[in-house]
Amino acid sequence: IHTRMMLEMIPAGAPAMLAWAVLLHDVGKPPTFKSAEQTGDRIRFDGHAEVGAVMAAEICRRLRFSTDDTGQIEALVASHLRFKDVFEMRPATLKRFVRLPNFNQHLELHRLDCSSSHGKLDAYEFVQKFLRETPPDQVRPPRLITGDDLSQMGLQPGPQFKQILESVEEAQLDGRLKERAEALAFVRSNYMK
């Protein structure tokens, strides 16, 4: 009934991937089912999003969906429960979340999921407000430093470059680094001891 209600609420002209994500978003529930007797309190489907994402990808491959469509449907199923955590997400985590490809589909899947069950749209409204009020250059700011900068500082190229650049971006997204000079100092103090 829940899934049928969601399908009926899909807006006209919505991408087919959204409809497929609606159909498959809870496909992981049967294999993760735990009764109230097993859990000691209530029926649970722990991990159903992760299990469902794997199952959804396999279904899409069997149906010969394109790699891009399969990836998007898998991502939608995998991330559909992440909205419950948006209130506690660090700024960097929330910014990375809303940067997911075709995030509007993630947002719409969440709206449909909530509207056809408990009706609470507080996480949806929170993210909508965040997107309205946060300038795009704060969600996707230009890099403060690059791998070339790390090489010029005397660091050797390798897997550590990715880790360093990700930690700089994390600090930038959290608002701890705003300028190039701060980023260079951050690298010196954390990676060049």
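Above this text sits the structure in question.
Report follows, based on the coordinates. (Residues numbered from 1 in each chain as written. Predicted model: local features only at pLDDT ≥ 70, side-chain atom pairs only at ≥ 80, totals over all residues. Heavy atoms only, no water.)

1. Some points on the overall build of the chain
Summing up its helical and strand segments, the chain has 13 helices and zero strands in all. Listed by position from the N terminus, the elements making up the chain come as α-α-α-α-α-α-α-α-α-α-α-α-α. Since a compact globule built from 193 residues should have a radius of gyration of about 16 Å, the 20 Å found for the chain marks it as more spread out than a globular shape. Within the chain, residue pairs in contact and separated by at least 24 positions form 60% of the contacts whose partners lie at least 6 positions apart. Per element, the accessible surface of the chain, about 11400 Å² overall, is 54% carbon and sulfur. Taking the 26 positively charged and 26 negatively charged side chains of the chain as two groups, their mean positions are separated by 2 Å. (Helix = DSSP H or I, 4+ residues; strand = E, 2+ residues; numbered from the N terminus. Rg over C-alpha atoms; globule rule 2.2 N^0.38 Å. Contact = heavy atoms within 4.5 Å. Areas by Shrake-Rupley, 256 points an atom, 1.4 Å probe, with all protein chains shown as cover. Lys, Arg positive; Asp, Glu negative; His and termini not counted. Charge placed at Lys NZ, Arg CZ, Asp CG, Glu CD.)

2. A closer look at the packing of aromatic side chains
One pass over the structure, following the stated rule, counts six aromatic pairs. With a centroid separation of 4.9 Å and 55 degrees between ring planes, the pair formed by Phe87 and Phe126 is classed as tilted. Of this pair, Phe87 sits in the loop between helix H6 (67–79) and helix H7 (91–98) while Phe126 is found in helix H9 (residues 122–133), placing the two residues 39 residues apart along the sequence. Among the residues examined, Phe87 registers a relative accessible area of 42% and is labelled partly exposed. Of the aromatic side chains, those joined through ring pairs into one cluster are Phe83, Phe97 and Phe103. Here the guanidinium or amino end of Lys29 rests over the ring plane of Phe45, the centre of that ring lying 4.8 Å away. (Phe/Tyr/Trp six-rings, centres within 6.5 Å; stacked < 30°, edge-to-face > 60°. Buried < 20%, exposed > 50% of the residue type's maximum accessible area, 1.4 Å probe, protein only. Lys NZ or Arg CZ within 6 Å of the ring centre and 35° of its normal.)

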